[in-house]
Amino acid sequence: MIYRITFLSDESDNFRRTFEADADASFLDLHNAILESAGYPNDQMTSFFICNERWEKGQEITLIEMDGSYEYDNMTMENTRLSDLLFEQKQRLVYVFDPLFDRQFFGSLVEIQKGNIAGVKCVESIGKAPKQLHADDSLTAGLKSSDIDDLDNDFYGDSEYDIEDLDSEGFQDLSFDDGSMF
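Here we summarise the structure given alongside this text. Please read these numbers as outputs of a predicted model, since none were measured by experiment. Sequence order sets the numbering: in each chain, residues are counted from 1 along the sequence as written. This being a predicted model, a pLDDT of at least 70 is required before a residue's local features are given, and a value of 80 or more before pairs of side-chain atoms are given or counted; all residues contribute to the totals for chains, interfaces and linings. As a rule here, side-chain values cover all heavy atoms of the structure and leave hydrogens and water aside.

Observations regarding a nonpolar patch on the surface
What counts is decided by this rule: Note on patches: the residues involved have over 30% relative accessible area and no salt bridge, like charges join within 9 Å, and the nonpolar side chains Val, Leu, Ile, Met, Phe, Trp and Tyr join within 5 Å. In these tables, accessible area is a Shrake-Rupley quantity obtained with a 1.4 Å probe, and a residue counts as shielded only by the protein chains included in the view. By salt bridge we mean one thing: a side-chain nitrogen of Lys or Arg within 4 Å of a carboxyl oxygen of Asp or Glu. Helix and strand labels come from DSSP, where a helix needs a run of H or I of at least four residues and a strand needs a run of E of at least two; each type is numbered from the N terminus. Partly exposed residues are those whose accessible area sits between 20% and 50% of the maximum for their type, while under 20% is buried and over 50% is exposed, using a 1.4 Å probe and protein chains only.
There is a patch of nonpolar side chains on the surface, built from Met45, Ile64 and Met66 and spanning about 260 Å² of accessible area. Locating methionine 66 in the fold gives a position in the loop between β4 (57-62) and β5 (75-76). The class of methionine 66 is partly exposed, set by a relative accessible area of 39%.

What about the sheet that holds strand β3 (residues 47-51)?
Through backbone hydrogen bonds, the strands of a sheet pair up, either in parallel or in antiparallel fashion. Short version of the rule: Pairing between strands is defined by DSSP: at least two bridges between the two strands are required. Only heavy atoms matter for contacts: two residues are in contact if any of them lie within 4.5 Å across the pair. Every axis corresponds to a line fitted to the C-alpha atoms, with the helix fit spanning only the stretch in contact, and the corresponding angles, defined between N-to-C directions, vary from 0 to 180 degrees.
As summarised here, the arrangement of the 8 strands in space is β5-β4-β3-β6-β7-β1-β2-β8, forming an open sheet in which the pairing is mixed. Edge positions in the sheet fall to β5 and β8 (120-126), since each has one partner strand and no second. Sheet topology places β3 next to β4; 4 bridges connect them, and they run antiparallel. Each residue of the ladder has a partner; that of phenylalanine 48, found in β4, is isoleucine 61. The strands that helix α1 (residues 27-38) touches are β1 (2-9), β2 (16-22), β3, β4, β6 (92-98), β7 (103-113) and β8; relative to β2, the one it contacts most, it runs at about 150°.

Quick word on the packing of aromatic side chains
Going by this rule: The criterion for an aromatic pair is that two Phe, Tyr or Trp rings (for Trp, the six-membered ring) have centres within 6.5 Å, with stacked assigned to planes under 30 degrees apart, edge-to-face to planes over 60 apart and tilted to the rest. Charge over a ring is defined by NZ of Lys or CZ of Arg lying within 6 Å of the ring centre and within 35 degrees of the ring normal.
The final tally for this structure, using the stated rule, is 9 aromatic pairs. Ring pairs connect the aromatic residues Phe15, Phe27, Tyr40, Phe48, Tyr95, Phe97 and Phe105, which therefore count as one cluster. In this structure, lysine 57 packs its charged tip against the face of phenylalanine 49, placed 4.7 Å from the ring centre.

On their own, these measurements won't tell you what the molecule is for.
Structure (structure tokens):
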């Protein structure tokens, strides 16, 4: 079977990518085709999610094996075939390309055709893809390492303190010697 899957972006009115994929291709094959068509490097922890008709996320398919939800199986892109989870026209999925800000492409299995093709290929590319990383992803972009050290010091405070300045009230019950903490 050949799947025709179209992805849109809510960040760009004219962005659309359509892929034809063999049903036995992996989600990793689709991931790689999306990255290539959008011009994104392969350096983010992306995920696919199978969605219901209201775009509520269900089963997650991750780039690498991770602890998942008790509600769903732990599925990786490399080991999951498209046909394992996609089986009917109009089925929805999202591709999270910026995990820090949960930015995603919205996809739909628009057509299932008889036949076979090798892997996944982009058959339609309209518009420019949004930047892969949100401007706030790199909160320290453009800063020198000394500036980052100053930020760390401001956040964590001065490393020199006087033990007498600590308020012992409230810490009386804690004892690290008797093993009661663990």
